[in-house]
Amino acid sequence: MTRPKVEMVNAVTREHGEMFADEWIERSWATGAITEACSETKIIEWPYEPDGGGDDLSVSLQNEIVQRVADQLRSSVVETFVRLANAVIERERTRVEESLIPARIEMVETVTPEQGLIFAEQIYREIADSEVFDVALSATHIRTFPDDGRDGEESAAQKHFHAMTDEIRDRIHDETKQLIADAFVRVVGDVISRERQRR
């Protein structure tokens, strides 16, 4: 096997650099990343005003700072992109073709039920420590989150909603972990057996 050939331009031009800089800045604005970065510096914090106004001015000042920084940086970004992209492409162009013979993968002789249970339990821990299960459960639309419109501490109904979610997650895990473990042993055993025959 040889490395697939990557199509590359003969030279990265200033036009390429300008396109990169414009896209980078535009997408940074569109996602809010560039303004969030400015907010994280905490250089502007406006006192809370019940009637509004302060927050709007704070955002306006931050936007002006970010826009002026982006304007100043654009030329440097263009030049840096052209220089570094040309260096990477030139290095790649002169690199000797290398073999892609895969390294030998060490595999167990037999996949055990214990390994299947380890896999099932690890999946549960990863899901329990993230929002994966909440998002998947919400997609079914079996319940509606009790939004009381108040900010701050959770209401009793919201706490109960989360407790229900945890119970559903835990009971599904208890009832499916053996099925997941069995499927793991069966599927991984089949893949390893096939790979062993290819050698």
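Residues numbered from 1 in each chain as written. Predicted model: local features only at pLDDT ≥ 70, side-chain atom pairs only at ≥ 80, totals over all residues. Heavy atoms only, no water.

## Quick look at the overall build of the protein
The secondary structure content of the protein amounts to six helices and zero strands. Going residue by residue from the N terminus, the α and β elements of the protein occur as α-α-α-α-α-α. Residue burial in the protein is summarised as follows: out of 199 residues, 16% are buried. Summarising the internal contacts of the protein: among those between residues at least 6 apart in sequence, 75% fall at separations of at least 24. (Helix = DSSP H or I, 4+ residues; strand = E, 2+ residues; numbered from the N terminus. Buried < 20%, exposed > 50% of the residue type's maximum accessible area, 1.4 Å probe, protein only. Contact = heavy atoms within 4.5 Å.)

## Thoughts on the environment of Asp-22
Turning to its location among the elements, Asp-22 is positioned in helix H1 (residues 14–31). With 55 residues separating them in the primary sequence, Asp-22 and Val-77 have C-alpha atoms 9.5 Å apart.

## What about a nonpolar patch on the surface?
Residues Ile-43, Ile-65, Val-69 and Leu-73 make up a contiguous nonpolar surface patch of about 340 Å² in total accessible area. One can find Ile-65 in helix H3 (residues 54–94). A relative accessible area of 32% means that Ile-65 is categorised as partly exposed. (Patch = residues over 30% accessible without salt bridge, like charges linked within 9 Å, V, L, I, M, F, W, Y side chains within 5 Å. Areas by Shrake-Rupley, 256 points an atom, 1.4 Å probe, with all protein chains shown as cover. Salt bridge = Lys/Arg side-chain N within 4 Å of Asp/Glu carboxyl O.)

## Some words on the packing of helix H4 (residues 113–128) against helix H6 (residues 156–198)
At a minimum axis separation of 8 Å, H4 and H6 run at an interaxial angle of 140 degrees. Judged by the angle between their axes, H4 and H6 are oblique. Here H4 and H6 pass one another in a crossing that is right-handed. Along its contact with H4, which presents Pro-113, Gln-115, Gly-116, Leu-117, Phe-119, Ala-120, Glu-121, Tyr-124 and Ala-128, the element H6 presents Arg-169, Asp-170, His-173, Lys-177, Gln-178, Ile-180, Ala-181, Phe-184 and Val-185. For the contact of H4 with H6, a count of residues per class yields 10 nonpolar, four polar and four charged. (Axes fitted to C-alpha atoms, helices over the stretch in contact; angles between N-to-C directions. Parallel < 35°, antiparallel > 145°, perpendicular 65-115°, else oblique. Left-handed = near helix turned anticlockwise from the far one by under 90°. Nonpolar A, V, L, I, M, F, W, Y, C, P; charged D, E, K, R; others polar.)

## Here's the deal with unusual backbone geometry
Despite not being glycine, Lys-42 shows a phi value in the positive range, around 60 degrees. Structurally, Lys-42 can be placed in the loop between helix H2 (33–40) and H3. For Lys-42, a relative accessible area of 51% puts it in the exposed group. Phi at His-141 is positive, roughly 60 degrees, even though this residue is not glycine. Mapped onto the elements, His-141 comes out in the loop between helix H5 (132–138) and H6.

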